[in-house]
Amino acid sequence: MNAITQLPTEWRDWIRENLARGCAPQSLIDDMVRNRFDPIFARAAVNGVMTQGAAFAAPVEAQPKAAAGYVYETPRLSAGNLIRTFDRQVRIVTRMKRPMIAVLEGVLSEEECDELIRRSADKMHRSTTVDPISGKHEVIADRSSEGTFFMLNADPFIARLDRRIADIMNCPVDHGEGLQVLHYGTGGEYKPHFDFFPPDEPGSHVQMTIGGQRVSTLVMYLNDVEEGGTTIFPDIGLEVVPKKGSAVYFEYTNSHGQLDRLTLHGGSPVTRGEKWIVTKWMRQRRYGEAATA
Ligand code: PD2
Ligand code: ZN
């Protein structure tokens, strides 16, 4: 029998009542899936009730997912085909408006990719993500990769990248977190997640005390991956294939602090070879030291 992809009124009320009682959104999704709802639909339904309540009362087929309450504003990313940074021109090869996602070419040179890998290789640690309860960085099974950080403006090489990336993301350098390099071996993956700090998770407020919410992400690929290792956006069916020096960019927090849940994304398993990336996250406000180099 087909999975259910409509939200009857009694189920909508059930979601609302249970959220009001303080139930974890994931437990509601799990219950819905046990009751034969389609998993992606169940997630969208719970998100929809959380973000918009009554608006989700409309029949689901008639309601585009993008209408889940998030107001799309003029993107931070430049509107043209080329982004002119202080030292390099970056080409926009694909752009999607809702959610705001773009694929960029020529973000890093081959030499810069190799240099980042070289500098990272001997100081990798098993990757952490933010524990939703404590707000602390913990090793979590959803992320089978190892990584390392470079402080903002750590040295002239890193400062130059921080400055170029800030130009691309059209945010001040000091709104950026330090660059994070990740390495996935064969079989490594990063399960779908949001890069913003979900407001319903108790740990998020700890993360947001300095710099506020994350607003945008740039994932840069440091090598060509033999097979797999794509960056996936499961709710919109988009898959970006890693290419050395290229990047995928996405925005998810507007000027009112609303969050775009269509930017759910992950790293699919690397099925052959290895994958290296470097990620920059931008915050609403100042987060780190400004680059001076
Ligand atoms: O490795 C990736 O493609 C990936 C996927 C999802 C990276 C990130 N998220 C990230 O760095 O946030
Ligand atoms: Zn991510």
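Residues numbered from 1 in each chain as written. Chains lettered and ligands numbered in written order. Predicted model: local features only at pLDDT ≥ 70, side-chain atom pairs only at ≥ 80, totals over all residues. Heavy atoms only, no water.

*Asks:* Where do I start with the coordination of the zinc ion (ligand 2) in this structure?
*Replies:* Geometry sets the ideal angles at a metal, namely 109.5 degrees for four tetrahedral donors and 90 or 180 degrees for six octahedral donors. At 2.1 to 2.2 Å from the zinc ion (ligand 2) lie its protein donor atoms, namely H193 (NE2), D195 (OD) and H265 (NE2). For the zinc ion (ligand 2), the donor residues sit on a single chain with the sequence spacing H-x1-D-x69-H. Of this pair, H193 sits in strand β9 (residues 190-193) while H265 sits in strand β15 (residues 265-267); the two residues are 72 residues apart in sequence, bridging distant segments of the chain. Relative accessible area serves as the criterion here: at 16%, H193 is assigned to the buried category. Classification of H265 by relative accessible area gives buried; the value is 4%. (Donors = N, O, S within 2.8 Å, 3.2 Å for Na, K, Ca; no water. Helix = DSSP H or I, 4+ residues; strand = E, 2+ residues; numbered from the N terminus. Buried < 20%, exposed > 50% of the residue type's maximum accessible area, 1.4 Å probe, protein only.)

*Asks:* Sorry, what's going on with the confidence of the model for the protein here?
*Replies:* Detailed reading of the predicted model is not advised wherever pLDDT is low. Here the protein averages 86 in pLDDT, and 83% of its residues register 70 or above. Long-range and interchain partners of residues 53-67, a stretch whose pLDDT sits below 50, account for 26 contacts in this model, where long-range means more than four residues apart. (pLDDT = per-residue confidence, 0-100. Contact = heavy atoms within 4.5 Å.)

*Asks:* Before we go on, may I ask you to explain the side chain of S268 in this structure?
*Replies:* If you trace the backbone, S268 turns up in the loop between β15 and β16 (270-272). From its side chain, S268 meets the backbone nitrogen of G229 in a polar contact 3.3 Å long. Apart from the residues lying within four places of it in its own chain, the contact partners of S268 are G188, E189, G228, G229, T230 and I232. (Polar contact = N/O pair within 3.5 Å; in protein donor to acceptor, adjacent residues only side chain to side chain.)

*Asks:* In this structure, what is going on with the sheet that holds strand β13 (residues 238-240)? I would like to understand it.
*Replies:* Backbone hydrogen bonds are what pair the strands of a sheet, in a parallel or an antiparallel way. Spatially, β9-β15-β12-β13 is the arrangement adopted by the 4 strands of the open sheet, whose pairing is antiparallel. Lying at the two open borders of the sheet, with one neighbouring strand each, are β9 and β13. This sheet shows a mean twist of 15 degrees between the axes of neighbouring strands, independent of strand direction. For strand β12 (residues 231-233) and β13, the ladder comprises 3 bridges, and the chain directions are antiparallel. Among the inter-strand pairings, I232 is bridged to a residue of β13, identified as E239. (Pairing = 2+ DSSP bridges. Axes fitted to C-alpha atoms, helices over the stretch in contact; angles between N-to-C directions.)

*Asks:* Would you take a moment to explain the site of ligand 1 for this structure?
*Replies:* For ligand 1, the full set of nearby residues is Y184, Y190, H193, D195, T231, H265, G266, G267, K275, I277, T279 and W281. One of the side-chain N or O atoms of Y184 is found 2.6 Å from an oxygen atom in ligand 1. Within the side chain of H193, a nitrogen or oxygen atom sits 3.2 Å from a nitrogen atom of ligand 1. In isolation ligand 1 has 310 Å² of accessible area, and contact with the protein removes 100% of it. The site holding ligand 1 turns out to be the largest cavity. Listed by contribution, the elements that provide at least two residues to the shell around ligand 1 are β9, β15 and β17 (275-283). For the shell around ligand 1, the element with the highest residue contribution is β17, accounting for 4 residues. Residue composition of the shell around ligand 1, by class: 4 nonpolar, 6 polar and 2 charged. (Near = heavy atom within 4 Å. Areas by Shrake-Rupley, 256 points an atom, 1.4 Å probe, with all protein chains shown as cover. 1 Å grid on protein atoms, 1.4 Å probe; cavity = no way out; pocket = protein on both sides within 12 Å on 5 of 7 lines; lining within 4 Å. Sits in = over half its atoms within 2 Å of the grid points. Nonpolar A, V, L, I, M, F, W, Y, C, P; charged D, E, K, R; others polar.)

*Asks:* What should I look at first to understand helix α2 (residues 25-34) in this one?
*Replies:* Think of an α-helix as 3.6 residues a turn; residues three or four steps apart then line up on the same face. All of the buried residues in α2 are P25, L28, I29 and M32. Buried residues in α2, looked at end-on, bunch into an arc of 100 degrees, giving them a common side. Remark: R36 follows α2 within two positions and exhibits a positive phi of approximately 75 degrees. (Arc of directions from axis to C-beta.)

*Asks:* Quick question: what am I supposed to make of empty space enclosed by the protein here?
*Replies:* One water molecule sets the probe size; rolling that probe over the atoms shows where empty space is left. Applying the stated criterion across every chain yields a total of 1 cavity of 30 Å³ or more. Space inside the largest cavity adds up to approximately 130 Å³. As for the largest cavity, its lining consists of 15 residues, and the residues nearest its centre are Y184, Y190, V219, H265 and I277. Elements that contribute at least two residues to the lining of the largest cavity include exactly β8 (179-184), β9, β15 and β17. The biggest single contributor to the lining of the largest cavity is β17, with 4 residues. (Points joined across faces, edges and corners; volume = space filled by probe spheres on them.)

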